[in-house]
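Chain and residue survey
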Amino acid sequence: MNAIRRFILRTQLLTISIFIVAVLAASAHAFPRKPGQAQAAQPQAPPSPLLATMRAELDRSMPVLSHASPPAYFINYSVTQSRRVQVMGSNGALLDSSENLNRFLEVQVRVGSYELDDTHKVGGQESLQMNPGATAVPLEDDPAVLRRAIWLETDKQYRAAAEALVRIQTNKEVQVQSAEEGAPDFSHEKPKTFYGPEAAYQLDRKPWEQKVRDYTAYFRQSSDIINSIVTFTAQAENQYEVNSEGTQIQFGQVRFRLELFIQGKAPDGMDLNRYFNFDWVDSKEEPSNDAVFAAEKTMRSELEGLVKAPLVEPYAGPSMLTGRAAAVFFHEVFGHRDEGFRQKDVSEGQTFARKVGEPIMPDFISIVDDPTRLRLNKDVLLGSYPFDDEGVPSQRVVLVDKGVLKGFEMSRQPLKEFPNSNGHGRRQLGAAPDSRQGNLIVESNRKVSNAELRRLFIEEIKKQGKTFGLLFDDIAGGFTFTGRGQPQAFRVEPLVVYKVYADGRPDELVRGVNIVGTPLLSLMKIVATGDTTDVFNGYCGAESGSVPVSAAAPPMVISEMEVEKKESSTDRPPVLPPPAHDHSGDKQ
Amino acid sequence: MISATKKFVPAARTIAAVAILFSIGCAVPLRAQQWPAADADRTLNAMQDELERSRTRMQLPNVEKPYFIQYRLVDLDIRTITASFGALVSTTTAHNRLMDVGVRIGDYKLDSSNFISGGNPVGFLGSAGQVGVDGDYNSLRQDLWIATDQAYKQALDDMARKQGYLRSLSKPPEIADFSQEKPVVMVNPRVSPDWTNRNWEQEAKQATAALRAYPGLYANRITYTLIYETYYVMNTEGTRMRVSRTISAIESSIETQAPEGVPMHHFYSTYVTRPVDLPSPAEVSRQLDARAKELMALRTADPMPAYSGPVLFDARAAAAVLAQMLGPSVIGSRAPLSLLPIVDQLTERLGGRSEWSGRIGSRVLPTEASLVDDPSATDSQGRPLAGSYAVDDEGVPSQRVSIVEAGMLRNLDMSRRPGSDFAQSNGHGRNILLGEARAASSNLVFRSANGLSAADLKKKFLAACKDEGRQWCLLVREMDNPAVGISRQEELNSEFQDLAGGASSGERVPLVVYKVNVADGNEELMRPGHLLGLNLRVLRDASGFGNDPATVSYAQSQEQGIAGTALAAYGTVDNGVPSTISAPAVLFPDVEVREARGEMRRLPLVPPPPMQ
């Protein structure tokens with residue numbers, strides 16, 4: 001796959017990327033998924049010899065670099081060993097079946113002091129420091145070769161940090177400062193020592209190769225499905241980390257995932273897709289064929305329904321979100337804005353920087369982010385982890401208590417009022433950690449049965465004198481860069497929306513729904529919630545890359561949401577019918 | 001941001017003995033039953049049936065239907081092994097299949113191709129992509145169906161934009177867009193990969209283990225890349241092809257920093273077709289050891305001062321520098337039209353302009369010199385040639401092209417994109433991974449009819465130096481290839497930026513140069529500077545050649561913007577087509593050399609850790 005991706009970049013056959021990236025995009029946009037291991041409960045194991053090698057090199061580097069000019073005050077070495085199996089099918093055939101074992105080294109050198117260092121952001125959101133990147137190191141425990149790689153990478157990172165600090169010191173005086181100016185650049189945290197067992201799994205790829213063929217062959221039965229991709233991944237990731245404050249940890253997590261993705265086109269050319277995923281952490285819990293085919297049947301009927309569905313007309317009025325849709329909605333419009341590092345944005349437009357202690361949503365809603373939690377009911381929570389990517393133990397954090405904003409997801413980048421990390425510094429391999437969500441859980445104490453919730457919804461529709469309300473069954477999230485100064489925009493894109501009529505007519509599927517206005521305001525208008533909680537697991541993309549997360553929420557009724565018709569693609573539907581559904585001639 | 005990961009490249013040479021059959025009536029598609037039914041590969045059947053459906057019925061109301069549709073598919077088995085200082089860094093095996101559908105609107109004279117509009121791709125799935133590896137009929141038809149649909153719509157969009165652009169020109173180009181060629185039917189047995197004949201992981205480790213003895217080496221990486229590919233082409237002219245080929249490569253970088261801070265590197269690379277022809281680990285180790293010694297010596301060697309005078313290139317160095325000088329000029333296909341002036345400017349800047357286009361029949365080299373490009377040659381004096389292939393990536397049989405005879409320009413390498421001198425392909429349309437095939441050289445052979453022995457050439461060299469009253473002159477033993485020699489992407493990018501500045505004016509970068517004392521012929525290693533003004537005009541005035549040519553294998557980069565320029569000689573198996581060039585030593589009477597310099601970078605503050 002790596003080779004193929006490079007091929008894409010290299011030849012600029014932009015189109016091919018759709019085939020490959022579509023599933024990733026769908027999952028990345030969508031967000032929350034499955035879990036990891038526990039932290040406190042994890043048994044201890046003997047330390048890996050890798051740690052001693054890393055420590056030996058750290059013990060050479062730190063004394064020298066801490067006396068250099070400018071001085072390094074913090075060094076962190078991390079080796080991530082990843083064993084990843086991927087089996088991918090499309091349209092009834094095997095696309096790819098591969099297994100990769102890698103070890104990557106990441107080195108972080110911070111120069112200056114906890115108060116002001118090379119990561120200091122001047123003039124807005126951008127840090128002068130580039131993403132540090134990751135270097136492939138030997139798969140075998142060869143101390144000499146690993147130490148050479150660490151040594152070289154330490155030098156490179158020190159050099160980059162030193163250059164960045166000089167520029168920061170020059171620029172600092174002339175740049176606009178954020179409200180959080182004066183907060184230190186890096187928090188002091190207690191060092192941790194922890195040696196978890198190595199995470200590993202046993203797996204035979206062969207059965208999965210047949211499964212992905214079968215799972216995608218099913219979709220060929222529908223003439224509305226233009227393309228299907230099913231991907232199975234198994235990943236064991238073990239992280240080894242030492243830093244100059246004394247932290248020395250090793251821990252690992254295993255994750256399994258099955259993703260289903262189909263694409264189609266409406267008669268007017270609008271691109272349509274459906275996506276579903278299963279996540280599990282214990283190989284015994286893999287989904288049965290029955291469960292997968294049931295999900296596929298739903299996806300197929302939804303896609304076929306969408307192809308025929310009318311376009312939505314502009315609407316403002318009562319709406320209802322299923323638990324899964326609500327979870328995505330909260331992740332995008334609340335969770336991202338509550339990430340600690342965003343509070344330093346000079347524009348402050350979309351943040352909660354000055355709202356701590358103030359009500360930001362109805363008093364029956366509370367929100368926590370709890371990466372220590374492995375499951376919610378039966379569902380695995382994908383955003384679980386024992387330590388974050390800055391070596392800080394994960395913590396349950398109350399973000400909103402009875403409608404009042406209490407705190408932020410914090411990495412080691414402090415705010416004035418929040419001087420410490422709460423174990424939410426996360427990153428994709430090669431990126432610098434930022435504060436990110438883990439398991440975002442929305443709780444309610446105004447719960448009614450789901451049947452009662454629907455009754456309340458219809459009542460609200462009638463009260464507002466509308467003939468129908470909108471039921472959002474599935475929403476995709478998305479992260480886009482919109483330009484300098486305002487790098488983040490969190491899209492919520494409704495995928496499956498029904499009209500629910502006040503007069504009792506059957507619900508009607510509509511397509512092309514685009515939420516307008518400020519989605520954040522909708523959170524103030526929650527009327528009531530159901531008494532079940534749905535979990536959505538996914539990979540969330542942002543500045544520090546793609547990380548596994550969960551979001552969980554009950555279904556809810558919102559008194560007002562505004563939508564419009566989204567722009568359609570100009571690409572027409574295919575000229576010819578799919579080969580398997582062409583009854584006019586030459587098909588075999 | 002995650003470094004690592006290697007690549008692959010399609011290759012060159014059919015494995016099986018091939019029988020090329022020219023079908024007669026051409027555009028009449030063959031029925032599926034006519035394929036050799038010896039294997040379960042249903043790929044050609046699926047291609048055939050979907051191509052036929054598209055040929056007869058792919059048309060939107062009130063617009064043109066395609067005049068040409070081509071399906072290309074490549075089945076790739078790739079093995080990549082990376083090691084460093086005797087330790088295994090990664091080992092991967094991948095099996096993938098890619099397809100690409102080409103649709104042309106218009107006619108051979110003027111069609112939707114050869115135009116860079118800068119517009120966004122239309123459609124949502126695109127005309128290329130990954131397809132199932134099973135050789136399965138139904139899924140492949142589904143994939144080809146949607147890709148054809150997308151390619152057709154893209155061609156319509158391109159054609160509309162192109163016609164708009166042509167109307168704005170006072171004199172539209174007269175060269176046709178696409179050559180007409182005889183269809184080829186060639187269905188060879190598939191070759192399956194065999195990874196078991198050698199222990200490649202062990203070899204990669206063994207080859208680099210001895211480098212641990214050099215504490216002054218900062219970094220080292222070796223990558224073995226073994227590729228088996230089966231290439232399929234089918235088009236509406238009647239071409240139907242299935243050929244298997246292989247490419248095998250070893251690429252290794254060794255890096256350090258000079259005492260005053262300049263980053264330095266050396267490299268070793270070799271490209272052959274069959275894995276079995278790769279050198280033994282003992283041989284690779286020997287080569288790396290010699291380069292490590294050379295690099296250690298270069299660290300402390302005196303930097304070369306500015307110079308202008310005779311320069312002698314050893315055969316290896318001559319071959320490598322000729323690859324850069326000749327690469328853009330042996331191509332006869334014209335460049336695409338572009339709405340974006342930047343595209344032409346960039347090509348020009350990187351030395352991508354042909355110095356020979358439009359000069360057929362003129363003298364372009366010394367009268368004693370000849371130049372041939374021969375993809376049909378599979379070996380040279382028993383050594384396999386990496387640039388060999390039986391049919392090119394457009395399904396045209398490869399042809400030996402006699403480019404220069406007795407100094408006179410006679411022919412050029414052609415793809416199916418015509419140029420100002422020639423309208424037909426001669427089987428030199430090449431690319432990797434189904435990228436757009438473009439004309440490129442394969443196995444270039446440069447020869448002199450009056451080559452001198454090494455001793456005589458050196459004598460002539462020293463005499464020329466003496467005539468100019470010099471105490472010393474320059475000898476180039478090895479040219480640089482930063483793409484292989486620099487392992488870090490950001491450093492490579494900055495190096496390329498630097499090189500790009502001088503590529504068009506003939507600035508070339510040697511790696512190993514010696515100062516030769518005129519009085520006694522003694523040689524002293526120097527830190528090299530850049531050679532200036534080395535373009536084909538200078539080659540025409542070369543004052544002497546050797547008679548003991550060396551063959552150098554390399555990968556010609558197909559990267560967008562780099563392909564077809566002087567910098568294309570800096571490729572890797574990741575991004576380039578395997579090629580060879582053979583040349584004797586060359587004596588240039590007068591080359592200007594810029595003094596050695598480089599970014600002074602602070603040495604690591606911490607000394608290197610022990611290597612044992």
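When you go through chain A residue by residue, the secondary structure sums to nine helices and 24 strands. The proportion of buried residues among the 588 residues of chain A is 54%. Within chain A, counting contacts between residues at least 6 apart in sequence, those at least 24 apart form 79% of the total.

To continue, consider the overall build of chain B. A count of helical and extended segments in chain B gives 10 helices and 28 strands. Expected size for 612 residues packed as a compact globule is a radius of gyration near 25 Å; at 25 Å, chain B falls within 12% of this value. If you line up chain B on its principal axes, its C-alpha atoms span 80 × 55 × 45 Å. Sorting the 612 residues of chain B into buried and exposed places 57% on the buried side.

Another aspect to go through is the interface of chain B and chain A. Interface size is commonly expressed as the accessible area that is lost once the parts come together. Facing the 66 residues of chain B at the interface are 67 residues of chain A. Breaking the side of chain B that touches chain A down by element, the ones donating at least two residues are α1 (43–57), β2 (68–84), β3 (87–104), β5 (128–131) and α2 (137–167) of chain B. For the side of chain B that touches chain A, the leading source of residues is α2 of chain B, giving 11 residues. The residue inventory of the side of chain B that touches chain A, partitioned by class, reads 31 nonpolar, 20 polar and 15 charged.

So, on to the sheet that holds strand β23 (residues 545–553) of chain A. All names here are of chain A. Across the sheet, six strands lie side by side as β13-β12-β9-β16-β23-β22; this open sheet has mixed pairing. Strands with a single pairing partner mark the edges of an open sheet, and in this sheet they are β13 (404–405) and β22 (534–542). Two strands pair when backbone bridges link them, and strand β16 (residues 439–444) and β23 are joined in this way by three bridges, in the parallel orientation. Note that in β23 the partner of Leu440 across the bridge is Ala551. Across the sheet, helix α7 (residues 323–335) is in contact with β9 (365–369), β16, β22 and β23; its angle to β23 comes to roughly 125°.

The next subject is unusual backbone geometry. With omega at -5°, the peptide bond leading from Ser69 of chain A into Pro70 of chain A counts as cis. Tracing the backbone shows Pro70 of chain A in the loop between α3 (49–65) and β1 (72–90). Phi is positive for Gln381 of chain B, which is not a glycine, with a value near 50°. Backbone geometry at Leu434 of chain B places phi at a positive 65°, although glycine is not the residue there.

It is worth spelling out the pairing of strand β5 (residues 227–243) of chain A at this point. All names here are of chain A. Counting buried positions over the 17 residues of β5 gives 14, a clear majority of the element. Pairing of β1 with β5, which is carried by 15 bridges, proceeds in the antiparallel orientation. Residue pairing in the sheet places Thr80 in a bridge with Gln239 of β5. Across 16 bridges, β5 lies against strand β6 (residues 248–265) in antiparallel orientation. When the bridges of β6 are listed, Gln235 appears paired with Arg255. Hairpin connection, β5 to β6: the antiparallel pair is bridged by four residues, and Gly246 has positive phi, about 110°.

Its location among the elements puts Ser139 of chain B in helix α2. Take Ser139 of chain B: there are 27 C-beta atoms within 10 Å of it, and that puts it in the buried class. Here the alpha-carbon distance between Ser139 of chain B and Ala46 of chain B, two residues 93 residues apart in the chain, equals 8.8 Å. Setting aside residues up to four positions removed in sequence, Ser139 of chain B forms contacts with Ser90, Asn91, Gly92 and Ala93 of chain A together with Gly132 of chain B.

Over its 13 residues, α7 of chain A runs only 16 Å from end to end, short of the ideal 18 Å by more than 12%, given 1.5 Å per residue. The element α7 of chain A is extensively covered by neighbouring structure, given that 13 of its 13 residues are classed as buried.

What follows concerns the packing of helix α3 (residues 200–209) of chain B against helix α4 (residues 281–300) of chain B. All names here are of chain B. Interaxial distance between α3 and α4 falls to 7 Å at its minimum, and their mutual angle equals 30°. Classified by the interaxial angle, the pair formed by α3 and α4 is roughly parallel. As for the relative orientation of α3 and α4, their crossing is right-handed in sense. On the side of α3, the interface is formed by Glu203, Gln206, Ala207 and Thr208, while α4 contributes Pro281, Val284, Ser285 and Leu288. Of the residues assigned to the contact of α3 with α4, the class counts are four nonpolar, three polar and one charged.

Moving on to the packing of α3 of chain A against helix α4 (residues 143–171) of chain A. Residues and elements named next belong to chain A. Axis separation between α3 and α4 bottoms out at 9 Å; the angle between their running directions is 35°. For the pair α3 and α4, the sense of crossing is right-handed. In this structure, α3 contributes Thr53, Met54, Ala56, Glu57, Ser61 and Leu65 to the contact, and α4 contributes Pro143, Leu146, Arg147, Ile150, Trp151, Thr154 and Tyr158. Class assignment for the residues of the contact of α3 with α4 results in eight nonpolar, three polar and two charged.

We now examine the sheet that holds strand β27 (residues 576–583) of chain B. Residue and element names in this part refer to chain B. Pairing is mixed across the open sheet formed by six strands, whose spatial order is β17-β16-β13-β20-β27-β26. Edge positions in the sheet fall to β17 (408–409) and β26 (550–557), since each has one partner strand and no second. Note that strand β16 (residues 401–405) and β17 share two bridges and pair antiparallel. Across the sheet, Val404 pairs through a bridge with Leu409, a residue of β17.

All names here are of chain A. In terms of burial, β16 is a largely internal element, five of the six residues being buried. When β9 meets β16, the two strands line up antiparallel, connected through five bridges. Across the sheet, the residue bridging to Ser366 is Glu443, located in β16.

Our focus in this paragraph is the nonpolar core. Counting 291 residues, the largest nonpolar core has Phe330 of chain A together with Ala318 and Leu322 of chain B as its most contacted members. Counting residues per element, this core draws most heavily on α4 of chain A, which supplies 12 residues. The two domains that each donate at least three residues to this core are domain 1 (2–32 + 323–451 + 485–495 + 514–565) and domain 2 (49–265 + 267–308) of chain A. With sequence-adjacent residues up to four places away left out, Phe330 of chain A is seen in contact with Gly335, Leu440, Val442, Ala551 and Ala553 of chain A.

All names here are of chain A. In this model, chain A carries a mean pLDDT of 87, and residues with pLDDT of at least 70 account for 86%. This model gives residues 1–41 a pLDDT under 50, and the stretch forms 132 contacts once residues within four places in sequence are excluded. Segment residues 482–487 is flagged for pLDDT under 50; beyond a separation of four residues in sequence, or across chains, it makes eight contacts in the model.

Residues and elements named next belong to chain B. Averaged over chain B, the pLDDT score is 89; the fraction of residues at 70 or greater is 94%. Note that pLDDT drops below 50 for residues 1–37; the model gives that stretch 117 contacts with residues more than four away or on any other chain. As a predicted assembly, this complex carries a pTM of 0.91 together with an ipTM value of 0.89.

Okay, the environment of Glu189 of chain A next. All names here are of chain A. Within the element layout of this structure, Glu189 appears in the loop between α4 and β4 (193–195). Residue Glu189 is classed as partly exposed on the basis of its C-beta count, with 18 C-beta atoms lying within 10 Å. Residues Glu189 and Gly391, spaced 202 residues apart in sequence, show a C-alpha to C-alpha distance of 9.4 Å.

Moving on to the environment of Lys182 of chain B. All names here are of chain B. With respect to the helices, strands and loops of the structure, Lys182 is situated in the loop between α2 and β6 (184–187). Under the C-beta neighbour-count criterion, Lys182 is labelled partly exposed, with 13 such atoms within 10 Å. In sequence terms Lys182 and Val396 are 214 residues apart; their C-alpha atoms lie 8.1 Å from each other.

Reading the values: the criteria
- Residues numbered from 1 in each chain as written.
- Chains lettered and ligands numbered in written order.
- Predicted model: local features only at pLDDT ≥ 70, side-chain atom pairs only at ≥ 80, totals over all residues.
- Helix = DSSP H or I, 4+ residues; strand = E, 2+ residues; numbered from the N terminus.
- Buried ≥ 20, exposed ≤ 12 C-beta atoms within 10 Å, placed from the backbone.
- Contact = placed C-beta atoms within 7 Å.
- Rg over C-alpha atoms; globule rule 2.2 N^0.38 Å.
- Nonpolar A, V, L, I, M, F, W, Y, C, P; charged D, E, K, R; others polar.
- Pairing = 2+ DSSP bridges.
- Axes fitted to C-alpha atoms, helices over the stretch in contact; angles between N-to-C directions.
- Expected span 1.5 Å × (residues − 1).
- Parallel < 35°, antiparallel > 145°, perpendicular 65-115°, else oblique.
- Left-handed = near helix turned anticlockwise from the far one by under 90°.
- Core = buried A, V, L, I, M, F, W, Y, C linked by C-beta atoms within 7 Å.
- Domains from an automatic or database assignment.
- pLDDT = per-residue confidence, 0-100.

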